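A closer look at the structure
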Amino acid sequence: MSIIYSSALNENYTVCCAGQLVYVYEKSGRELARFPVKNAAFAVISPEGDSFAVKTADGEVCMFSFEPAEQTAILTSGAYEAEYETGMCFSPDGKALYSVEAEGEGSAISVYYQNGRKENCSLDGVQLTHIEYKNGFFVLGKEGESCFAARFESDRLTDVKYISAEKYELCYNYKRAQVRGFTVTAVESFLPQNFDYENNELSISSLLKEG
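Keep in mind that this is a model prediction, so the values were computed, not measured.

Spatially, the four strands line up as an open sheet ordered S8-S9-S10-S11, and their pairing is antiparallel. Two strands in the sheet have a free side with no partner beyond their single neighbour: strand S8 (88–90) and strand S11 (118–123). On average, each strand axis in the sheet is tilted by 20 degrees relative to the strand beside it, whichever way the strands run. Bridge count for strand S9 (residues 96–103) against strand S10 (residues 106–113) is eight bridges, and the pairing is antiparallel. Note on S10: the bridge partner recorded for Leu-97 is Tyr-112.

Here you go:
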């Protein structure tokens with residue numbers, strides 16, 4: 001099999017992105033399916049565990065189901081070569097997928113609902129690099145030369161806290177490795193040598209609490 005660049009798993013399935021293919025495995029290790037997805041970067045599994053989304057290096061987002069194992073939708077087609085990481089995550093109830101996407105001179109947070117509805121929040125002049133849910137939605141990004149962490153609520157950023165470039169880079173690269181399941185390739189590519197990621201968990205929300 002190809003080199004595994006990223007891996008996402010729950011109690012029943014493992015989803016591996018290997019460049020041009022996405023592999024799905026059952027808990028037993030049996031291959032359930034494989035899908036051709038150009039430049040597949042990483043996957044996230046829904047809280048219910050019945051579906052997953054894959055984001056590619058050029059911004060395409062695809063949805064898949066586990067049973068049956070099939071592609072169910074292309075939420076947005078790839079339209080750019082990402083110069084920075086663009087994260088995505090499910091809402092805690094699994095009813096919506098939040099995806100950071102490039103838009104004009106800035107970023108947008110697109111929210112895709114199970115019923116096919118889409119909401120879009122444009123953020124001109126702001127480049128977001130990650131979004132995650134941890135008792136609320138939190139984002140990491142840049143505004144010009146300034147780096148920040150913030151809370152995302154409805155259609156705006158709140159509790160914006162500007163952080164040092166060094167702190168941003170560490171969290172930024174940690175998130176790049178984390179969304180890829182801390183695979184060997186991801187750890188070697190993004191984290192400092194000998195960084196103990198197992199005992200140094202970084203969350204975007206924690207950056208807002210620091211003095």
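Sheet topology places strand S13 (residues 137–143) next to strand S14 (residues 146–153); seven bridges connect them, and they run antiparallel. Bridging from a neighbouring strand, Leu-140 pairs with Ala-149 of S14. Where S13 hands over to S14, the hairpin turn is made up of two residues, of which Gly-144 adopts a positive phi near 65 degrees. In the sheet, S14 pairs with strand S15 (residues 156–163) via six bridges, with the strands oriented antiparallel. Bridge pairing links Phe-152 to Leu-157 in S15.

As a further point, take the packing of aromatic side chains. What characterises a pair of aromatic rings is the spacing of the ring centres plus the angle enclosed by the ring planes. In this structure the tally under the stated criterion is 13 aromatic pairs. Judged by centre distance (4.7 Å) and plane angle (45 degrees), the ring pair of Phe-35 and Phe-64 falls under tilted. Residue Phe-35 is found in strand S4 (residues 31–45), and its partner Phe-64 is found in strand S6 (residues 61–65); the two are separated by 29 residues along the sequence. Overall, Phe-64 belongs to the buried group, its relative accessible area being 0%. Ring pairing ties together the aromatic residues Tyr-13, Phe-35, Phe-52, Phe-64 and Phe-66, which thus form one cluster. Across the ring face of Tyr-113, the terminal group of Arg-117 is positioned such that the distance to the ring centre comes to 4.1 Å.

Attention shifts here to the environment of Gly-87. Structurally, Gly-87 is set in the loop between strand S7 (70–76) and S8. In this structure the C-alpha to C-alpha distance between Gly-87 and Asp-50, which are 37 residues apart in sequence, comes to 21 Å. Contact partners of Gly-87, with chain neighbours within four places excluded, come to Phe-42, Lys-55, Tyr-98, Ser-99, Val-100, Thr-129, His-130 and Ile-131.

Our focus in this paragraph is the confidence of the model for the protein. For the protein, per-residue confidence averages 91 on the pLDDT scale, and 95% of positions sit at 70 or higher. Least confident of the elements in the protein is S11, whose mean pLDDT is 91; most confident is strand S2 (residues 13–17), at 97.

Turning our attention to the side chain of His-130. Assignment of secondary structure puts His-130 in strand S12 (residues 127–133). Residues contacting His-130, with those up to four places away along its chain left out, are Glu-85, Gly-87, Val-100, Phe-138, Val-139, Leu-140, Tyr-172, Lys-175, Arg-176, Val-179 and Ile-204.

Another aspect to go through is the pattern of salt bridges. Following the criterion strictly, the structure yields seven salt bridges and no others. For Arg-34, the salt bridge goes to Glu-31, with nearest N and O atoms at 2.8 Å. Taking the shortest distance from any N to any O, the salt bridge between Lys-175 and Glu-132 comes out at 2.7 Å. Linking Lys-175 in helix H1 (residues 165–178) with Glu-132 in strand S12, this pair joins segments that are 43 residues apart in sequence. The two residues Lys-175 and Glu-132 agree in class, both being buried.

Counting residues in each nonpolar core, the largest one holds 17 residues, and the members touching the most others are Val-22, Phe-52 and Val-54. Within the residue set of this core, elements represented by two or more residues are S2, strand S3 (19–26), S4, strand S5 (51–56) and S6. Excluding anything up to four places from it in sequence, Phe-52 contacts Val-15, Val-22, Val-24, Phe-35, Ala-43, Val-44, Ile-45, Cys-62, Met-63, Phe-64, Ser-65 and Phe-66. Counting residues in hydrophobic clusters, the runner-up holds 16 residues, among them Cys-89, Tyr-98, Phe-137 and Phe-148.

Cut-off values and rules
- Each chain has its residues counted from 1, following the order in which its sequence is written.
- Local features are withheld for residues below a pLDDT of 70 in this predicted model, meaning they are given only at 70 or higher, and side-chain atom pairs are given and counted only at 80 or more; totals for whole chains, interfaces and linings count all residues.
- Hydrogens and water molecules were not included; the side-chain quantities draw on all heavy atoms of the structure.
- By this definition, two strands are paired if DSSP reports at least two bridges between them.
- Per the convention used, a helix needs a DSSP run of H or I reaching at least four residues, while a strand needs a run of E reaching at least two, with both numbered from the N terminus.
- Fitted lines through C-alpha atoms give the axes, limited to the stretch in contact for helices. The angle between two N-to-C directions lies from 0 to 180 degrees.
- Aromatic pairs are defined between Phe, Tyr and Trp rings, using the six-membered ring for Trp, whenever the two ring centres lie within 6.5 Å; interplanar angles under 30 degrees are classed as stacked, those over 60 as edge-to-face, and all others as tilted.
- Exposed residues in this analysis have more than 50% of their type's maximum accessible area, buried residues have under 20%, and partly exposed residues fall in between, with area computed by a 1.4 Å probe over protein chains only.
- The criterion is that NZ of a Lys, or CZ of an Arg, lies within 6 Å of the ring centre and within 35 degrees of the ring normal, and then a charge sits over that ring.
- The contact rule is simple, with two residues in contact once any of their heavy atoms fall within 4.5 Å.
- As a per-residue measure, pLDDT reflects the predictor's confidence and takes values from 0 up to 100.
- The rule for a salt bridge is simple: a side-chain nitrogen of Lys or Arg has to be within 4 Å of a carboxyl oxygen of Asp or Glu.
- Only buried residues count toward a nonpolar core. Its members are Ala, Val, Leu, Ile, Met, Phe, Trp, Tyr and Cys residues joined through side-chain atoms within 4.5 Å.

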